[in-house]
Amino acid sequence: ARADPVCRLSAGDGAQLFLTVKRNHLYTLIDSVTFDARTRDQEIMNSKAFITEVIGTFALTFIGAGTAAVSDNVVATALACGLVVLTFAFAYGDHSGAHINPAVTFGLWVAGEIEFSKTIVYWIAQALGGVIGGALLFFVLGGAESGLGETVLADNVLPTQGLVLEAVLTFL
């Protein structure tokens, strides 16, 4: 198995740091797909990036939301989400940038790092991965009867307070 750079960090002075990991079976599987999304002569997103975003968002949804659904431990949920993002950033960051979150993609678009057409394709991949992850969680955990997906405010928090809090924390 050959080692390829999967993450490149660049400093303002031109210095670069390359992180490498060895290929694994999933990485090789993603390498073998040959679909490209294109508009005219410009590539929007290749199949590796699309599949990586679908699988990454699926993993974040299934593992992160799954941990939250079965555990009241906020630290366990945060660690589960963080480890999914860390794993995909290191293993597949060179394929798609490992956004695996529509908010990250939106931020990169606003910052001018990616074009709007690519943003839309990322969102499609992420929505697909999220729906697959949610559907599998629904099946595995027994659906709505288990409280899966239920958002409940604390007894002393008004709905308007919850809305403002959610908007501020989402923005941050």
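Thresholds applied
Residues numbered from 1 in each chain as written. Predicted model: local features only at pLDDT ≥ 70, side-chain atom pairs only at ≥ 80, totals over all residues. Heavy atoms only, no water. Core = buried A, V, L, I, M, F, W, Y, C linked by side-chain atoms within 4.5 Å. Buried < 20%, exposed > 50% of the residue type's maximum accessible area, 1.4 Å probe, protein only. Helix = DSSP H or I, 4+ residues; strand = E, 2+ residues; numbered from the N terminus. Patch = residues over 30% accessible without salt bridge, like charges linked within 9 Å, V, L, I, M, F, W, Y side chains within 5 Å. Areas by Shrake-Rupley, 256 points an atom, 1.4 Å probe, with all protein chains shown as cover. Salt bridge = Lys/Arg side-chain N within 4 Å of Asp/Glu carboxyl O. Axes fitted to C-alpha atoms, helices over the stretch in contact; angles between N-to-C directions. Parallel < 35°, antiparallel > 145°, perpendicular 65-115°, else oblique. Contact = heavy atoms within 4.5 Å. Nonpolar A, V, L, I, M, F, W, Y, C, P; charged D, E, K, R; others polar. Expected span 1.5 Å × (residues − 1). Bend = angle between axes of the 7 residues up to and from the residue. Phe/Tyr/Trp six-rings, centres within 6.5 Å; stacked < 30°, edge-to-face > 60°. Left-handed = near helix turned anticlockwise from the far one by under 90°.

K.L.:
Even after reading the chapter, I still don't get the nonpolar core, so can you show me in this structure?
P.N.:
Side chains that are nonpolar tend, in soluble globular proteins, to be buried together. By size, the foremost hydrophobic cluster in this structure holds 7 residues: A59, L60, V84, F88, A91, Y92 and I100. Taken together, the elements giving at least two residues each to this core come down to helix 2 (47-70) and helix 3 (74-96). The element best represented in this core is helix 3, accounting for 4 residues.

K.L.:
Is there a simple way to explain a nonpolar patch on the surface in this structure?
P.N.:
Together, F106, W109, V110, F116, I120 and I124 line one region of the surface with nonpolar side chains, adding up to about 540 Å² of accessible area. Topologically, I120 is positioned in helix 5 (residues 116-141). Exposure remark for I120: the relative accessible area of 32% places this residue in the partly exposed category.

K.L.:
I tried to follow the environment of T119 on my own but got confused; where do I start?
P.N.:
Within the secondary structure, T119 sits in helix 5. For the pair T119 and W109, spaced 10 residues apart in sequence, the C-alpha separation works out to 6.6 Å.

K.L.:
What is the right way to look at the packing of helix 2 against helix 3 in this model?
P.N.:
Any two packed helices are characterised by how steeply their axes cross, that is the angle between the axes, and by the distance between the axes. Viewed as axis vectors pointing N to C, helix 2 and helix 3 meet at an angle of 170 degrees, and their least axial separation amounts to 9 Å. Here helix 2 is positioned roughly antiparallel relative to helix 3, judged by the angle of their axes. Between helix 2, through K48, A49, T52, E53, I55, G56, A59, L60, I63, G64, T67 and A68, and helix 3, the contact on the second element is made entirely by A76, T77, A80, C81, V84, V85, F88, Y92, H95 and S96. The residue inventory of the contact of helix 2 with helix 3, partitioned by class, reads 13 nonpolar, 7 polar and 2 charged.

K.L.:
Teacher, can you tell me more about helix 3 here?
P.N.:
Since the α-helix turns once every 3.6 residues, residues separated by three or four places project in the same direction. The terminal C-alpha atoms of helix 3 lie 29 Å apart, and with 23 residues this falls more than 12% below the ideal 33 Å at 1.5 Å per residue. Of all bends in helix 3, the biggest is about 60 degrees, found at F90. All buried positions along helix 3 are accounted for by T77, A80, V84, F88, A91, Y92, G93, H95 and S96.

K.L.:
Help me understand unusual backbone geometry, please; the structure alone is not making it clear to me.
P.N.:
The phi torsion of most residues other than glycine is negative, and most of the peptide bonds are trans. One non-glycine residue, A98, adopts positive backbone phi at about 50 degrees. Inspection of the secondary structure assignment puts A98 in the loop between helix 3 and helix 4 (102-110). The class for A98 is buried, based on a relative accessible area of 10%.

K.L.:
I tried to follow the packing of aromatic side chains on my own but got confused; where do I start?
P.N.:
Two descriptors summarise a pair of aromatic rings, namely the distance from one centre to the other and the angle between the planes of the rings. Across all of its chains, the model carries 5 aromatic pairs by this definition. Between the aromatic rings of F58 and F62, the centroid separation amounts to 5.6 Å while the plane-to-plane angle is 10 degrees, which identifies the pairing as stacked. With F58 and F62 both in helix 2 and 4 residues apart, this pair spans about one turn of that helix. According to the relative accessible area criterion, F62 is partly exposed, its value standing at 25%. Between W109 and F116 the ring centres are 5.3 Å apart and the planes differ by 55 degrees, which places this aromatic pair in the tilted class. Among the residues examined, W109 registers a relative accessible area of 32% and is labelled partly exposed. According to the relative accessible area criterion, F116 is partly exposed, its value standing at 43%. Clustering of aromatic rings is evident, with ring pairs tying together F106, W109, F116 and W123.

K.L.:
Hey, could you run me through the packing of helix 2 against helix 5 in this one?
P.N.:
Relative to each other, helix 2 and helix 5 sit at 35 degrees, their axes nearing to 7 Å. Seen along the crossing, helix 2 lies across helix 5 with a hand that is right-handed. A breakdown of the residues in the contact of helix 2 with helix 5 according to their chemical character gives 17 nonpolar, 8 polar and 1 charged.

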